[in-house]
Amino acid sequence: MEELPKQQYTDAERQHIFNDEFMPHINAMYNFAYRLTLDGDDAKDLLQDTYLKAYRFLDSFQQGTNAKAWLFRILKNSFINDYRKKSKEPSKVDYQEVESYYNSEEVDRQITPDLRVEALKDMIGDEISNALNALDVDFRTVIILCDLEGFKYEEMAKILDIPIGTVRSRLHRARNLLKEKLSEYAKEMGYKTV
């Protein structure tokens, strides 16, 4: 892929591009960030970081191209970079919080429900969201981009920075994994599985 020359936008043009081409995609961007992070606060942080980078590197954006795909690529790259950084950090434990929990009377009580599941309950069924969340991040990402966000294979290849054949392969494998995870649920719901 060849690198296009950077644009020199005026402040008014930068405002126009940001408000008219980037901001309309904020809800789709949040949904994608939430599905990647599985946490509302982390999704908001990732979204804020994405829009900050988009504004900061706006001169790299070619006006008239697919702004949504450009933003999704920034978000995906930010998520991967954060994920790599966090995986290298040692895990942190707040011992005071653990100690106060075990000293309280709540120890015998049942664990509170997972709020991620509660938040997704109205959008898609629990079994489906659990199966989707259980997928590896590479497989989850292609399912979200294609089946939930409606991107074409070519756009997904650009967003994920992988060949289109890899997109097709991952999508096929991801769908098969979901099918496998959801086959029992499908039978319970009265669908015939092949």
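Residues numbered from 1 in each chain as written. Predicted model: local features only at pLDDT ≥ 70, side-chain atom pairs only at ≥ 80, totals over all residues. Heavy atoms only, no water.

Would you mind going over the overall build of the chain with me for this structure?
Within the chain, the regular secondary structure consists of 10 helices and 0 strands. When its helices and strands are written in sequence order, the chain yields α-α-α-α-α-α-α-α-α-α. Of all 194 residues assigned to the chain, the portion counted as buried reaches 31%. In the chain, 68% of the contacts between residues at least 6 apart in sequence involve partners at least 24 apart. Element-wise, carbon and sulfur atoms account for 49% of the exposed surface of the chain, whose accessible area totals about 13300 Å². (Helix = DSSP H or I, 4+ residues; strand = E, 2+ residues; numbered from the N terminus. Buried < 20%, exposed > 50% of the residue type's maximum accessible area, 1.4 Å probe, protein only. Contact = heavy atoms within 4.5 Å. Areas by Shrake-Rupley, 256 points an atom, 1.4 Å probe, with all protein chains shown as cover.)

What exactly am I supposed to notice about helix α8 (residues 137–148) here?
Every α-helix carries 3.6 residues per turn, so stepping three or four residues along brings you back to the same face. Within α8, burial applies to Phe139, Arg140, Thr141, Val142, Ile143, Ile144, Leu145 and Cys146. Gly150 sits one or two positions beyond α8 and adopts a positive phi of about 80°.

For this particular structure, what's the right way to read the side chain of Thr50?
Within the fold, Thr50 resides in helix α3 (residues 40–56). When sequence neighbours within four positions are dropped, the list of residues in contact with Thr50 reads Met29, Leu71, Ile74, Leu75 and Ser78.

What exactly am I supposed to notice about the packing of helix α2 (residues 26–37) against α8 here?
Helix-helix packing is described using two parameters, namely the angle between the two axes and the distance between the axes. Running from N to C, α2 and α8 point in directions that differ by 155°, and their axes come no closer than 10 Å. Between α2 and α8, the angle falls in the class roughly antiparallel. In the packing of α2 onto α8, the handedness of the crossing is right-handed. The segment α2 lies against α8, with Phe32, Arg35 and Leu36 engaging Val137, Arg140, Thr141, Ile144, Leu145 and Leu148. (Axes fitted to C-alpha atoms, helices over the stretch in contact; angles between N-to-C directions. Parallel < 35°, antiparallel > 145°, perpendicular 65-115°, else oblique. Left-handed = near helix turned anticlockwise from the far one by under 90°.)

What is the right way to read helix α1 (residues 11–22) from this model?
Across its 12 residues, α1 extends 15 Å between first and last C-alpha, which sits within 8% of the 16 Å expected from 1.5 Å per residue. Three or more residues of α1 are buried, namely Arg14, Ile17, Phe18, Glu21 and Phe22. Here the buried residues of α1 occupy an arc of 110° about the axis, which is enough to place them on one side. (Expected span 1.5 Å × (residues − 1). Arc of directions from axis to C-beta.)

What is the right way to read the nonpolar core from this model?
Nonpolar side chains in soluble globular proteins tend to end up buried together. Judged by nonpolar contacts, the single largest core of 44 residues is most densely connected at Phe22, Phe72 and Leu145. Counting residues per element, the ones that place at least two in this core are α1, α2, α3, α4 (67–88), α7 (126–134), α8, α9 (153–160) and α10 (164–188). With 7 residues, the single largest contributor to this core is α4. When residues no more than four places from it in sequence are discounted, the contact partners of Phe72 are Ala28, Met29, Phe32, Leu145, Glu149, Phe151 and Ile159. (Core = buried A, V, L, I, M, F, W, Y, C linked by side-chain atoms within 4.5 Å.)

Would you mind showing me how to read the packing of aromatic side chains here?
We describe a pair of aromatic rings using the distance from one ring centre to the other and the angle between the two ring planes. Scanning the entire structure with this criterion turns up 9 aromatic pairs. Taking the centre distance of 6.2 Å and the plane angle of 35° together, the rings of Tyr30 and Tyr34 count as tilted. Taken together, the positions of Tyr30 and Tyr34, both in helix α2 and 4 residues apart, correspond to about one turn of that helix. On the basis of relative accessibility, which here comes to 24%, the residue Tyr30 falls in the partly exposed class. By relative accessible area, which is 11% here, Tyr34 ends up buried. Ring centres 5.1 Å apart and planes at 55° place the aromatic pair Phe61 and Trp70 in the tilted group. Residue class for Phe61 comes out buried when judged on its relative accessible area of 0%. Through a chain of ring-to-ring contacts, three or more aromatic side chains come together here, namely Phe18, Phe22, Tyr51, Tyr55, Phe61 and Trp70. One Lys or Arg, Arg14, reaches over the ring of Tyr55 and ends 4.9 Å from the middle of that ring. Over the ring of Phe151 we find Lys68; its NZ or CZ atom is 5.1 Å from the centre of that ring. (Phe/Tyr/Trp six-rings, centres within 6.5 Å; stacked < 30°, edge-to-face > 60°. Lys NZ or Arg CZ within 6 Å of the ring centre and 35° of its normal.)

Where do I start with the pattern of salt bridges in this structure?
Under the counting rule described, the total for this entry stands at 5 salt bridges. Across the salt bridge formed by Lys53 and Asp49, the nearest N and O atoms sit 3.3 Å from each other. Of this pair, Lys53 and Asp49 both sit in helix α3, 4 residues apart, which is roughly one turn of the helix. Owing to a relative accessible area of 25%, Asp49 belongs among the partly exposed residues under this scheme. (Salt bridge = Lys/Arg side-chain N within 4 Å of Asp/Glu carboxyl O.)

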